[in-house]
Amino acid sequence: MTQYFAGIDIGSTMTKVVIMDSGIIASNIGPTGPEQRRLANKVMEKALKEVDLAFEAITYVVATGYGRINVPFADKQITEISCHAKGVANFFPEAKTIIEVGGQDCKGIKINNGKPVDFVMNDKCAAGTGRFLEIIADALGIKIKEMGEIGLQGNNPAKISNICTVFAEQEVVARLAEGVPLNDLVAGILESLANRISRMVNRLHVAEEVVVTGGGAKNVGLVKALSDKLGYALAVPPEPLLTGAVGAALLGKDIADKDLQDGVSLQTKERSLKEIKIF
Amino acid sequence: MNEKDSDILSKVENYYQDYGLRARELKDQGQKVIAYLCSLVPVEIISAAGFLPFRIRGDVHEPITKGDTQLETIACPFMRSCFDVSLKRRYDFCEGLVLPHACDSITRTYSVWRYSLDLPYSHFINLPHTVRGPSMDFFKAELETFRKSLGRFAGKEISDGDLAESIDLHNENRNKARALYELRKSDPPLVSGTEIATILTVGMRLPVKEANNLFDEVLEKLKQRKEAPFKKAPRILIDGACVDNIDFFKLIEDSGANVVADSLCIGTRDYWPKTEVGGNPVDTLAHRYLDKINCPRTYREKVGETYQEDLESRFGDVGSLIKEFNVDGVILYLYKYCDPFGFEVPARKAYLDSLKMPVLYLEDEYSTGTIGRLRTRIQAFLEMIGS
């Protein structure tokens, strides 16, 4: 009988699901939902539907991401640090450093054979995260998806000195009023973000191959700015949002394989694909 | 097991939850209480004068409000919380306040403390920043000044005999604390890091004789544990400054680790070094507080030629603890704006790296509001060292 493994990565903004047998057979990405992770189960349902599988047919489910706690449909919770390490190594076996730019945090992970050996995460606030980009895009009246391309066209990046998201937003609006062209302004924002991320990641002693993942990896302007700052070429996975969920599914498979090898039966939880209720 | 034994741990828990309970009771019986902050105040002198030394604690569950009307938020949040709850009259049974020249946050705010609390007695102890000869001479004179000043407030002269007796009692207390640490050496340990932190915190707000009796009872009770009530798990040492609440220990242990050792102020930094017995008591106290307590607020002369030798002489005590307690990983835990420790984070990490010790550095607010993001980092660290 085929064994199926699912990984669900419940981030602050998006929920990502991957279903695997020996490879990825289905995936789905949807919003986590404004009401505290309420939609996470819907994202899983959709992925299952894609391959016409019942939730009960999944051998093992691993949840990760900030919403991993108290998920009623997972057998185990593993942090996103370990999951990204595993997931990235699946696409880039030689990877040594991962930069993940997520919705509410960004992190640097040093890995060896798919396992984290050290990591850093942004400490205090939204500076250096996807949320920062969302707020600035909003202030400029552009779509976040367009931001990377717009930034690439800026030849004279504006200097943005504020780290605080709220103050940076004010600074951007003021620069716009001064007549700084939009391209240069966006290029400046991406550069300031890249500065902040690279300063943090450099504490890890970056080694090649360097992979960027998370929503921020979809921003071509940011990836270029980061690559310039760090002085390394950066690899981007085919779908940067999915590496955490892929890693979660693979770590679940590892657990099942190990138990089979050790001759012990796999410990699963009683799980159901219900809405997450936290109140 | 008699009834008293089974109750002792809940008594400790009770003392922890209602931190001022015993001091308030004693005050009602006429005992004068002197509040202090930090491990650098010689409590032996306060006890010798007949006062109860009471270590001020902050409260991670209480938002800092009143305190911030008089202090800037760039100061250490632990000290700000201590000040906030003091202003809110939580320790209004105290009749005196002693602060040391420890970190900038304590030193620069002494006058605010003094005028805001307006207690009958206040004193600032000037600790020099090096341990060399002239500094030591200065500090001895400074302690003599403190002895005289406190004696005047007590209405009695604090004799060498009083000091010697007090030194003995506080040394005894440190012996007992060290005996508690012995119970952490087995794998899994017989006592959790959370339990130890509770006991040690409570010990710093009781009359020393009472603390000695309490530690005896706790030791007797814990030694009855035949089997460890905890699972085998990664053995963690917490390195840092003053952690006076158990929430952080609990978070680590709930995440699947055992906290087996520390180099913290309410821990080995303060509880391990003893005062030398015999000789001039003020001289021996000066040695303990200026030299034996290894706090980065004191500059230590470079030893040896290489950076590694320098690191070894500054942090060798942490290395010894790692060996002695068979530690798997270190969590370096600081509150924001900690000037003495903050500056030396890279050196501490370099030292731990040289021992091939995995280290997780966390900089935190003084509040339980950060538990979610700390949990992810701690769990990831444990997954990393556990695999």
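Residues numbered from 1 in each chain as written. Chains lettered and ligands numbered in written order. Predicted model: local features only at pLDDT ≥ 70, side-chain atom pairs only at ≥ 80, totals over all residues. Heavy atoms only, no water.

**A word on helix α17 (residues 371–386) of chain B**
Think of an α-helix as 3.6 residues a turn; residues three or four steps apart then line up on the same face.
Next up, step 1: For α17(B), with 16 residues, the first-to-last C-alpha span of 21 Å sits near the 22 Å given by 1.5 Å per residue.
Next up, step 2: Those residues of α17(B) that fall on the buried side of the exposure criterion are B:Leu374, B:Thr376, B:Arg377, B:Ile378, B:Gln379, B:Ala380, B:Phe381, B:Leu382 and B:Met384. (Helix = DSSP H or I, 4+ residues; strand = E, 2+ residues; numbered from the N terminus. Expected span 1.5 Å × (residues − 1). Buried < 20%, exposed > 50% of the residue type's maximum accessible area, 1.4 Å probe, protein only.)

**What to know about the environment of B:Pro340**
Residues and elements named next belong to chain B.
Next up, step 1: Examined against the element boundaries, Pro 340 turns out to sit in helix α15 (residues 339–343).
Next up, step 2: When its relative accessible area of 14% is taken as the criterion, Pro 340 is described as buried.
Next up, step 3: A sequence separation of 237 residues divides Pro 340 from Cys 103, and the C-alpha atoms of the two residues are 6.2 Å apart.
Next up, step 4: The residues touching Pro 340, leaving out its near neighbours within four places in the chain, are Cys 103, Pro 296 and Arg 297. (Contact = heavy atoms within 4.5 Å.)

**Details of the side chain of A:Thr79**
Next up, step 1: Note that A:Thr79 resides in the loop between β5 (76–77) and α2 (80–91).
Next up, step 2: Residues contacting A:Thr79, with those up to four places away along its chain left out, are A:Thr64, A:Arg68, B:Thr376, B:Gln379, B:Ala380 and B:Glu383.

**Focus on helix α7 (residues 133–154) of chain B**
Next up, step 1: A rise of 1.5 Å per residue sets the reference length of α7(B), with its 22 residues, at 32 Å; its end C-alpha atoms lie 31 Å apart and thus fit the reference within 8%.
Next up, step 2: Immediately beyond the C-terminal end of α7(B), within one or two residues, lies B:Gly155, with a positive phi of roughly 75°.

**Some words on the pattern of salt bridges**
Next up, step 1: Considering all chains together, one arrives at 46 salt bridges over all chains under this definition.
Next up, step 2: Among the ionic pairs, A:Lys224 bridges to A:Asp228, the shortest N-O distance being 3.0 Å. Of this pair, A:Lys224 and A:Asp228 both sit in helix α7 (residues 220–230), separated by four residues, roughly a single helical turn.
Next up, step 3: Note on A:Lys224: relative accessible area 45%, which makes it partly exposed.
Next up, step 4: Between B:Asp187 and B:Arg235 there is a salt bridge whose closest N-O contact spans 3.5 Å. Placement of the pair is B:Asp187 in the loop between α8 (160–182) and α9 (193–203) and B:Arg235 in strand β5 (residues 235–240), with a sequence separation of 48 residues.
Next up, step 5: Given the relative accessible area of 38%, B:Asp187 is considered partly exposed.
Next up, step 6: With relative accessibility at 2%, the residue B:Arg235 sits in the buried group. (Salt bridge = Lys/Arg side-chain N within 4 Å of Asp/Glu carboxyl O.)

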